[in-house]
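# Commentary on secondary and tertiary structure
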Amino acid sequence: MSDSKREKLMRKVDNHLRKTSRYLIKIDTEEEALQYLTDSFRSELYCDFVGVVLDEGGQLLPKAWSGNIPSVTEAFPLSTDNCSSKLFHQSMTYKTADVPKNCHMAKILKNANIKTWFTVPLKDDIHHFGFCIVGFLSFVPLLDMEIHFEEFGKDMAVVMAMARQKEKQLKKIEGIEWISKNLSLDAPLEHHIAELTSRAGKGTNADFACIYLYNEKENCLVFQQPAYGKMEYAKKIMVQDNYMLKDHFPFLETPGGNQLTIPLFIDLKPIGVLHIGNEGIGVFSEDDLRMLELLSKHVAALLENARLYHSERDHKHRLQFLLDSQQALVKETVEVDNFDGITTMLGGTFQSSVILFDRFMRELSFLDYEHEGGPLYTHQLAERAKEELGNQKGNELITMQDPNNADYYFSFWPVSGGGNLLGYLAIRMSGVEMDEFDRLTVDLARNICSIQFIKQKLVLDAKEQAKDSFISKLLTEKIDNEESIIQYANLFQWNLFSRHRLAVLSIELDGSEMEGSNLLEQQTKKTIVWDSIKSHLSELDRTFISASHDEKFVLIVSTEKEGDKPKKFWATLFEGIQRWAAKGPIECRVLMGIGSETENIQDYYVSYQQAVQALNIVSSRFENMGYSLFKDLGSYTILHYLDHSTAIDLFVKSQLGPLIKYSEGKNIDLFNTLHVFLQNNGNVKGTAEELYIHRSSLLYRLERIELLLGAELNDAEVRFNLMMALKLYDMNGGLT
């Protein structure tokens, strides 16, 4: 190449480098500068590729590349330790480079069959960024341009440093505009606190900056995380009756000390303070005070708006969660018959143990969230809850301490439906008071539980109605459709053709329960007692059949349960029934008559009639015993087989009518006096002692009885007739 052509080419390259340098200075970002460099070099030098490789943490990475040489670009990243250090300090060519064995970069270019290449370091007096590499797939004569390219490399390093500096400046500008950015209500409150305290600390050169916000519920100033810097601080500052902020912060709006505090106001109402401090001897000036005052005007509004926004958003989310929970719980009641799904979902919502009791305080479903306790755990709660409920009137909320952890307590919420108490929902809570959403969640759960209770009650009522219908058809003197009764029995999985015994129960309310109540209310109370007895009977033995028939309560038991000691079995069962009735809230007395065994379908009616008559006799003559088997009633069993015609009523009226009529509404019960006299076989002394009256009073009564009946009581025939009339009267429960 001639010298003139060489000079022209060098001048052209030099001009291109200068133009490129001037243009790069105008570019703001490092990425744009590098990409422009590679594209312009490739178009001007007609090379096959141009790349900018930077050293980042000991790894060589291509930051900009023009030209497609996969065997070269795919070899990155490279370790700087495996490449020649000359790449970062001086220009190199394929001739002056280290041998490929000592430099991986040279090895990669050789393997890629790059015939001609040279590098330019990107460095200035301070920074060493990396190098620029230019390559040709064919042999190209390289001019003596190292000085020009090295100067351009320095210019390029300056451009990169300036670009990075510009990026930092942009970040600083963004930092200056932090107030407008933090007005975004979507940012978490902690983010606001961090930005504000950081701005206050850095703007005043303080070692520590923090914010206290006022908590009205606890009447104190609460430290807000995060703070700027580290220093000892109080998490809570109790205000109590002293609302003078200067007593709690001595340098309130007062410069000249190592602390400075500015109050935060919203509509003239203080919501907290912005506080800064120094550990050393440095003091805060008037400029620091003005800076904090300016900052505080934005801080208060920002924090209050953020708090209100987040509070509203949290309420919205909790409300949506509540609606979703309601849908899930309603779906649970539709798909499942028990309460386990409800307690499981509530336990997850409150992250605590949840127990559901029926109205008799028996556990229906239990979610043990803390993995402690068990049957005894819930039994203790139930017993204590019964005591608490017994000491108060109405179905009110009760709370009691957790027997296993004194830091927690159980709240018992009544579950009602249709004006009736259905059960109790117990939730284990900490000492923190429930907020409105927690209470709304509990109310929703109580409503869902009420729906489930009512649903179960409707199912049970349908079964009870079917059972009562079945019992009504079974306990008739003449069975018309035996096949229908057998089908009903199959429905209840009950073998009609095995031996059974029928019992009839009577529930007699105490005088205090009857006072001020009508017949319907009294019957409702009896039904409540009967429901409790039925529930306990079902728990005791699911084969027991209990139903209502002709306003009487009927119990049918397989004689297999009696074993060889029927009296003991029925005595034990009656004791249990009395105990269950006594535990309830209604004062009452239970009596029971028990019929004979059945051998076929027709015998059920006979056993029922015997049980009714046994109940009548127990009610009239054996109240202290409370129950009796029909077969143990002696002569009454013979009288049972008499035809229940009007002749019996005429006989009883002829023998006892005047006496019964006279005793009604009188203080002296001559009817009972006659019965006791005959039971004592006419013994005056024994009769007087049993009646707790004087002998002369008894003789007066006996004379009155003889006068009314027109008969001599010493006559054996008269006594027999009167005793027969009394037994018939007892069996039939009075005159028809």
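The rules behind each value
All residue numbers refer to position in the chain's written sequence, counted from 1. The predicted nature of this model means local features are confined to residues of pLDDT at least 70 and side-chain atom pairs, given and counted, to a pLDDT of 80 or more, with totals for whole chains, interfaces and linings taken over all residues. For the side-chain quantities, the full set of heavy atoms in the structure was used; hydrogens and water were omitted. For the purposes of this entry, the term helix denotes a DSSP run of H or I that reaches at least four residues, the term strand denotes a run of E that reaches at least two, and both are numbered from the N terminus. Type-normalised accessible area, obtained with a 1.4 Å probe on protein chains alone, sets the label of each residue: buried when under 20%, exposed when over 50%, and partly exposed for intermediate values. Two residues qualify as a contact provided that any one of their heavy atoms is within 4.5 Å of a heavy atom in the partner residue. Here the Shrake-Rupley method, with its probe set to 1.4 Å, supplies the accessible areas, and only the displayed protein chains count as covering residues. Note on aromatic contacts: the rings of Phe and Tyr and the six-membered ring of Trp form a pair at centre separations within 6.5 Å, being stacked when their planes are under 30 degrees apart, edge-to-face when over 60 apart, and tilted otherwise. DSSP calls a pair of strands paired once it identifies at least 2 bridges connecting them. What makes a nonpolar core is a set of buried Ala, Val, Leu, Ile, Met, Phe, Trp, Tyr and Cys residues whose side-chain atoms join them at distances within 4.5 Å. By definition, pLDDT measures how confident the predictor is in each residue, and it falls between 0 and 100. Put simply, a salt bridge is a Lys or Arg side-chain nitrogen that is within 4 Å of an Asp or Glu carboxyl oxygen. For helices, the fitted axis covers only the stretch in contact; all axes are lines through C-alpha atoms, and the angles between them, taken along N-to-C directions, range from 0 to 180 degrees. The labels follow the angle: roughly parallel below 35 degrees, roughly antiparallel above 145, roughly perpendicular from 65 to 115, and oblique for the rest. Crossing handedness is read from the near helix: turned anticlockwise from the far helix by less than a right angle, it gives a left-handed crossing, and turned clockwise, a right-handed one. To estimate how far a helix should extend, the number of its residues minus one is multiplied by 1.5 Å. The arc in question is traced by the directions running from the helix axis to the C-beta atoms. Note that Gly is not counted as nonpolar here; it falls among the polar residues with everything else outside the nonpolar set of Ala, Val, Leu, Ile, Met, Phe, Trp, Tyr, Cys and Pro and the charged set of Asp, Glu, Lys and Arg.

So, about the overall build of the protein. Each helix and strand in the protein was counted, giving 23 helices and 21 strands. Looking at the 736 residues of the protein, the share that counts as buried comes to 42%. For the protein, long-range pairs separated by at least 24 residues make up 59% of all intrachain contacts whose partners lie at least 6 apart in sequence. Carbon and sulfur atoms provide 50% of the accessible area of the protein, an area that totals close to 40,500 Å².

Here we come to the packing of aromatic side chains. Per the stated rule, a full pass over the model turns up nine aromatic pairs. Judged by centre distance (5.6 Å) and plane angle (70°), the ring pair of Tyr-212 and Phe-223 falls under edge-to-face. Of this pair, Tyr-212 sits in strand S7 (residues 208-215) while Phe-223 sits in strand S8 (residues 220-228); the two residues are eleven residues apart in sequence, bridging distant segments of the chain. Comparing Tyr-212 with Phe-223 shows no difference in burial state: the two are buried. Both rings, one in Phe-574 and one in Tyr-627, keep their centres 5.2 Å apart while their planes meet at 35°; by these two values the pair is tilted.

Before going further, it helps to examine the pairing of strand S5 (residues 116-123). Burial of S5 is extensive: eight of the eight residues sit out of reach of the surface. Both faces of S5 are covered, namely the face carrying Thr-116, Phe-118, Val-120 and Leu-122 and the face carrying Trp-117, Thr-119, Pro-121 and Lys-123. Two elements, strand S4 (residues 92-93) and S5, share two bridges in a ladder whose sense is antiparallel. Bridge pairing links Thr-93 to Phe-118 in S5. What sits between S5 and strand S6 (residues 128-136) in their antiparallel hairpin is a turn of four residues.

Moving on to the nonpolar core. Membership of the largest hydrophobic core comes to 26 residues, with the highest contact counts inside it found for Leu-555, Trp-570 and Met-592. Element by element, the count of residues in this core is highest for helix H16 (residues 566-583), at eight residues. Look past the residues within four positions of Trp-570 in its chain and what remains in contact with it is Arg-501, Ala-503, Leu-555, Val-557, Glu-562, Met-592, Ile-594, Tyr-627 and Leu-629. Within the second largest apolar cluster, 24 residues are counted, among which are Leu-674, Phe-677, Leu-678 and Ile-705.

Checked against the element boundaries, Leu-245 lands in helix H8 (residues 245-248). Ignoring sequence-local partners within four residues, the contact set of Leu-245 consists of Leu-221, Leu-252, Pro-263 and Val-273.

Quick look at the confidence of the model for the protein now. Chain-level pLDDT for the protein is 76 on average; 78% of the residues reach the 70-or-more range. Long-range and interchain partners of residues 171-178, a stretch whose pLDDT sits below 50, account for six contacts in this model, where long-range means more than four residues apart.

Moving on, we come to the environment of Met-291. By the secondary structure assignment, Met-291 is in helix H9 (residues 286-335). Taking relative accessible area as the criterion, Met-291 reaches 24% and is therefore assigned partly exposed. In this structure, the C-alpha to C-alpha distance between Met-291 and Thr-204, residues 87 residues apart in sequence, is 7.8 Å.

Attention now goes to the pattern of salt bridges. If you walk through the whole model with that rule in mind, you get ten salt bridges. The salt bridge involving Lys-525 is made with Glu-513; its shortest N-O contact spans 3.1 Å. On the criterion of sequence distance, the pair formed by Lys-525 in helix H15 (residues 519-540) and Glu-513 in helix H14 (residues 511-514) is long-range, its members being twelve residues apart. With relative accessibility at 13%, the residue Glu-513 sits in the buried group. Three or more residues joined by partner-sharing salt bridges are found here, namely Arg-499, Arg-501, Glu-562, Glu-597 and Glu-599.

Checked against the element boundaries, Glu-216 lands in the loop between S7 and S8. Residue classification places Glu-216 among the exposed residues on the basis of a relative accessible area of 52%. The sequence separation of Glu-216 and Ile-271 amounts to 55 residues, and the corresponding C-alpha distance is 9.5 Å.

Attention shifts here to the pairing of S6. Within S6, eight of the nine residues are buried, which leaves the element mostly enclosed by the surrounding structure. Of the strand pairs in this sheet, S5 and S6 are connected by eight bridges, and their pairing is antiparallel. Looking at S6, one finds that Thr-119 is bridged to Ile-133.

Before going further, it helps to examine the sheet that holds strand S15 (residues 405-417). The antiparallel open sheet is built from five strands, whose spatial order is S13-S12-S16-S15-S14. With one partner strand each, in any of the chains shown, strand S13 (363-367) and strand S14 (398-402) form the two edges of the open sheet. Each neighbouring strand pair of the sheet contributes to a mean axis angle of 20°, computed without reference to strand direction. As judged from the five bridges shared by S14 and S15, these two strands associate in the antiparallel manner. Across the sheet, the residue bridging to Asp-402 is Asn-405, located in S15.

Attention shifts here to the packing of H15 against H16. Interhelical geometry of H15 versus H16 gives an angle of 130° and a closest axis separation of 9 Å. Viewed along their axes, H15 and H16 adopt a mutual orientation that is oblique. Two packed elements cross with a definite hand, and for H15 against H16 that hand is right-handed. Every residue of H16 that contacts H15 at Val-529, Ser-532, Ile-533, His-536, Leu-537 and Leu-540 is listed here: Leu-573, Ile-577, Trp-580 and Ala-581.

With 15 residues, helix H22 (residues 695-709) should reach 21 Å at 1.5 Å per residue; the first-to-last C-alpha distance of 21 Å fits that figure. Buried residues of H22: Leu-698, Arg-701, Leu-702, Ile-705 and Leu-709, and no others. Buried residues in H22, looked at end-on, bunch into an arc of 100°, giving them a common side. In H22, the exposed residues that point more than 90 degrees away from the buried face are Tyr-700, Glu-703 and Leu-707. Downstream of H22 by one or two residues, Gly-710 has phi in the positive range, about 65°.

Turning our eyes to something else, we now look at the sheet that holds strand S2 (residues 59-66). An order of S3-S2-S1-S6-S5-S4 is seen for the six strands of this open sheet, with the pairing classed as antiparallel. Pairing within the sheet leaves two strands with one partner each, and these edge strands are strand S3 (78-79) and S4. Strand contacts of helix H4 (residues 104-111): strand S1 (49-56), S3, S5 and S6, with the helix running at about 20° to S6, the strand carrying the most contacts.

Attention now goes to helix H10 (residues 340-350). Looking only at H10, the buried set comprises Gly-341, Ile-342, Thr-343, Leu-346, Gly-347 and Phe-350. At the C-terminal side of H10, Gln-351 shows a positive phi close to 50°.

This part takes up the packing of helix H21 (residues 684-691) against H22. Direction vectors running N to C along H21 and H22 enclose 105°, while the axes themselves pass 9 Å from each other. By the criterion of interaxial angle, the relationship of H21 to H22 is roughly perpendicular. Residues Val-684, Lys-685, Thr-687, Ala-688 and Leu-691 of H21 pack against Arg-695, Leu-698, Leu-699 and Arg-701 of H22. Across the contact of H21 with H22, the residue classes break down as five nonpolar, one polar and three charged.

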